[in-house]
Structures are given as C-alpha cells and as structure tokens.
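# Breakdown of the fold
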Amino acid sequence: MKPAPFKYIAASSFDHALALKAQYGDEARFLAGGQSLIPAMNFRLARPAVLIDINGLGELAGAGAAEGGEIRVGALTRYHVLERDTKFLAACPLFADALPHIAHPQIRNRGTIGGNLSHADPASELPAIAVAMQARMRIKSAKGEREVAASEFFQGLLTTDIQSDEMLVGIAFPAPTARTGTCFMEVARRRGDFALAGVAAIMTTDAQARCLQMRLALCGVGETPVDASAAAASLIGQPCTGEAIEAVAAEVRGMIDPSGNVHASPDYQRHIAGVLTQRAIGAAYSRTGHAA
Amino acid sequence: MRPERHDIELSVNGTTYRSAVESRTLLSDFLRHDLELAGTHVGCEHGVCGACTILFDGAPVRSCLMLAVQANGHELSTVEGLADSNGELHPVQQAMHDHHGLQCGYCTPGILMTMTAFLKQNPEPSEHEVREALSGNLCRCTGYQNIVDAMLAAAQTMRAAAP
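Residues numbered from 1 in each chain as written. Chains lettered and ligands numbered in written order. Predicted model: local features only at pLDDT ≥ 70, side-chain atom pairs only at ≥ 80, totals over all residues.

This part covers the domain arrangement of chain A. All names here are of chain A. Domain assignment breaks chain A into domain 1 (7-53), domain 2 (61-174) and domain 3 (180-286). A C-alpha centroid distance of 19 Å is found between domain 1 and domain 2. Across the boundary between the two partners, domain 1 contributes 13 residues, which contact 15 residues of domain 2. Per-class residue counts for the side of domain 1 that touches domain 2 are 6 nonpolar, 5 polar and 2 charged. (Domains from an automatic or database assignment. Contact = placed C-beta atoms within 7 Å. Nonpolar A, V, L, I, M, F, W, Y, C, P; charged D, E, K, R; others polar.)

Pasting the structure below:
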C-alpha cells in the first residue's frame, strides 16, 4: 500500500510555505504530523498533487501564556510536548484530561494540534475542546492573517473555514478565571479509538457556589463538534444539584443527532452522551473548589 | 512521468545511509526494501497496529505514517540495533524470551521499540503504566499478559544494571 505520486517540498520558511500554498491552492496539502493525512493517502482517499512539509518550521511550535491573559498554542505543537508541559496542563486542565485519550503514544509523538484541528474529525477530542474553550483559530495566508471563532471554524464533516491559500497557525483562548472547573470525559470501544461520545465541560461559579457560566461541547455525536452550552443555560444562577445537572443531560440527549456506527447505535450514543454530560458537569463543578 | 526523487542522508542504528527516494516511499518500506532492514514489520499500513514502530530521534513513531524523505538528517533506531555487537540480547528482548512474551513474533519488533523507549523514560512503571504504554501495539497471540510480565521484569533488570 502506498500513496499515489505527489510532489514533495520541504518548506524552508514560514513565508515559503504560504507562498507555495498560494501557488498550488487546493492541489497542495500541508504535511505536519501526518497522522491522519498519511493514512488517508495510503488508502488513496486523499491524493494531493503537492505536499508542503512544514515540520522544519519551529516557530509554529510551542505553547504558553501570551499578553492579555490568553494562552496560545502553535499549530505545529505535538501532543506529547503538551502532555509533558506541566505548566501548560496546570493552566489548561481540559487538555490534561483529553490528551491521554488521543490515539496512542506513538501517534502523540508525531501528531500536532494544528493538524488535528485542520482535519476537523468530529469524533476527535480537540475540536470539541476548542469549541468549549471558545478558542480563536489563528489563520494566515500570503495575503494576511485573520481569526475565526472555533464555533464558526468547524463547518462540516472534515470541513473547516480554512481557504485554499491559508494555514491554521495556532489557537488562542482565554486563561481560565478563578472558581473555574473543567472536565473532559469520553467513551471509546478500545483505548485510543475515536470516541463514541465525549464531553468537555467548563464551569465557573460565583462566591456562593452557584453556576455563573457554563460551557459544554461534545465530540463524536454529529458532523462537527457540538456546542451544547445553550442546553446548560438552566444551570446559570442555580446551585448545581443532581436534579439540575440531570435536566441538562436530558436537554443534551434531545438536541444531538448522532449517526451511529459499527460500535454503537444512535440511541446508545445519545445515552452515553447524557451520562457523560452528567458526570463531566459534576466533575467540573467539584473542581471549581466549591463542592461540598 | 518520471518519479520525483530526493537525496536523503540518515542514520539508522548508528550507521549513516545515503539514498535517493521517491516522494511517496513510506519510511517503513524504505527501511525494509532499500536498506534491507526487514526487522521492522509492516502490518496495517495505516497507523493502527504498531508493528512498524521505530524510534525517530529517540521517540517511538509509526514508520508507515512517515515518508522516507522526512527522515533526511534524522537518527533512527530499529530492532536490529537492540542486541549488542556480540549478539547479547537487550534486557527487554531477553525478558520477552524468558516470559514467553511472543508467539508468532510479528508484533514483537514494534513492541520492543515502543517499550525500550518507554522504560528509558519511566524506569519504574506500574503495571497500569505498562499497559497504557502498550496500548498502541496490537498482539493477537499472547493476550498481552506475558508481555506485561516481561516488561515489568525488564524494568527491574535495567534498574539493577543502572549505575
């Protein structure tokens, strides 16, 4: 099994990479970790005419706090780098929950944040986390740069807002505020498989331990990551009782439309999405530091 | 159309190789067919089974999910480099032998490469950590139990041998 022939160009600089993409457009794909693209090419589901290898562009890698209380992650940052970055994980505990679920150690040694998000697999963890965290996707082309909210970035199955001459160069999101708790949970058939359903929950409470703000996003249950924050609106201003959280789970079960797959029927996916919603909200609440 | 070729130079198990490779040649195929290092096995060729795991600059990766041209200027290790020059097995290999950690042996090179890197990074793993580290390598013969036993024993041997 091998990919169809293509032209390989190792980009010598960031500007070179963007110039090549402007030149070749949809014919070309960027090669980052290659952990989704190369298998698709091995199966010949993807047959790009040109591969622009960006692995040499170190300036695209790295994560950390930037000005204005926001956290930035470069597109070429590999999962395993984040897994070992205790400072980053302490600031973004959602990633600490989610990273071990992403495939296997060998894949995490190569796979990149930007590659994952550009690939936009709806069963993948990171798109849902980006939506939950209200990340801004930083996009550049030879002509300029722009930012798109994660909720608008994911447009459909494996489809994003990135245009043919553009590259996702990184993401930025606000650093969590005080009294914020987060949790990511998923169910997969085997360790490292894509999730049958996964839930990312971010809750901020007030000084009386009432829910002040709630972000909720799901993976694996639609053609894009699902922003279910509206389903949690009933929690705002309320103490987080078991009944209140169960009401949110019921709302989530009603709003999603999973397609089912070889491992799970749509009803089963809906059921586990509800169970995970309950558990993730409960865990996020307890991590705000207020729960009894 | 003449296939486009790239000159590459890389190190495998300490030996430098120079070659001209087609863009689409997978690293796994390059190791096996061009360098004739057929110890790296090829199973699923889409990143699921782990049989083709090698060390790329010291880190375990799937060689079927990389292009040979991407290895230009990098240092690779394969199963052929594990035993020393006198043929004495690496402690991880010896433990697999002692604990019957393989039957058909097809998955074994990938497991050896994954776990030598893991034990270097985590010399005193729990059983759970060993199972987690093994999660990216499929074995259909052993049921994993003997592999887990072998890795815990190898960790102990390597700790005892460490200065």
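All names here are of chain B. Looking at chain B, the domain boundaries give domain 1 (5-81) and domain 2 (91-161). The distance between the C-alpha centroids of domain 1 and domain 2 comes to 22 Å. At the junction of the two partners, domain 1 supplies 15 residues and domain 2 supplies 11 residues. Contributions of two or more residues to the side of domain 1 that touches domain 2 are made by strand 3 (53-56) and strand 4 (59-62). The element best represented in the side of domain 1 that touches domain 2 is strand 3, accounting for 3 residues. Across the side of domain 1 that touches domain 2, the residue classes tally to 8 nonpolar, 7 polar and no charged. (Helix = DSSP H or I, 4+ residues; strand = E, 2+ residues; numbered from the N terminus.)

This part covers the sheet that holds strand 14 (residues 226-227) of chain A. Residue and element names in this part refer to chain A. Within the open sheet, the 4 strands sit side by side as 11-12-13-14. Their pairing is antiparallel. Edge positions in the open sheet fall to strand 11 (180-187) and strand 14, since each of these has one partner strand only. Bridging between strand 13 (residues 211-219) and strand 14 involves 2 bridges; their strand directions are antiparallel. From the neighbouring strand, Leu-218 faces strand 14, where its bridge partner is Val-226. Along the sheet, helix 8 (residues 125-132) contacts strand 11, strand 12 (197-205), strand 13 and strand 14; its crossing angle with strand 13, the most-contacted strand, is approximately 155°. This element, helix 11 (residues 266-286), spans strand 11, strand 12 and strand 13 of the sheet and lies at about 30° to strand 12. (Pairing = 2+ DSSP bridges. Axes fitted to C-alpha atoms, helices over the stretch in contact; angles between N-to-C directions.)

Time to look at the packing of helix 2 (residues 91-98) of chain B against helix 3 (residues 108-121) of chain B. All names here are of chain B. Contact geometry for helix 2 and helix 3: axes closest at 9 Å, N-to-C directions at 125°. When the interaxial angle is binned, helix 2 and helix 3 end up oblique. The handedness of the crossing between helix 2 and helix 3 comes out as right-handed. Between helix 2, through Val-92, Gln-93 and Met-96, and helix 3, the contact on the second element is made entirely by Thr-108, Leu-112, Met-115, Thr-116 and Leu-119. Class assignment for the residues of the contact of helix 2 with helix 3 results in 5 nonpolar, 3 polar and no charged. (Parallel < 35°, antiparallel > 145°, perpendicular 65-115°, else oblique. Left-handed = near helix turned anticlockwise from the far one by under 90°.)

The share of residues in chain B with pLDDT of 70 or more is 99%, and the mean pLDDT across the chain is 96. As scored by the predictor, the complex reaches a pTM of 0.95 and an ipTM of 0.95. (pLDDT = per-residue confidence, 0-100.)

This next bit is on unusual backbone geometry. If you check the backbone angles, Ala-103 of chain A has positive phi at about 45° while not being a glycine. Of note, Ala-103 of chain A is situated in the loop between helix 5 (93-98) and helix 6 (105-108).

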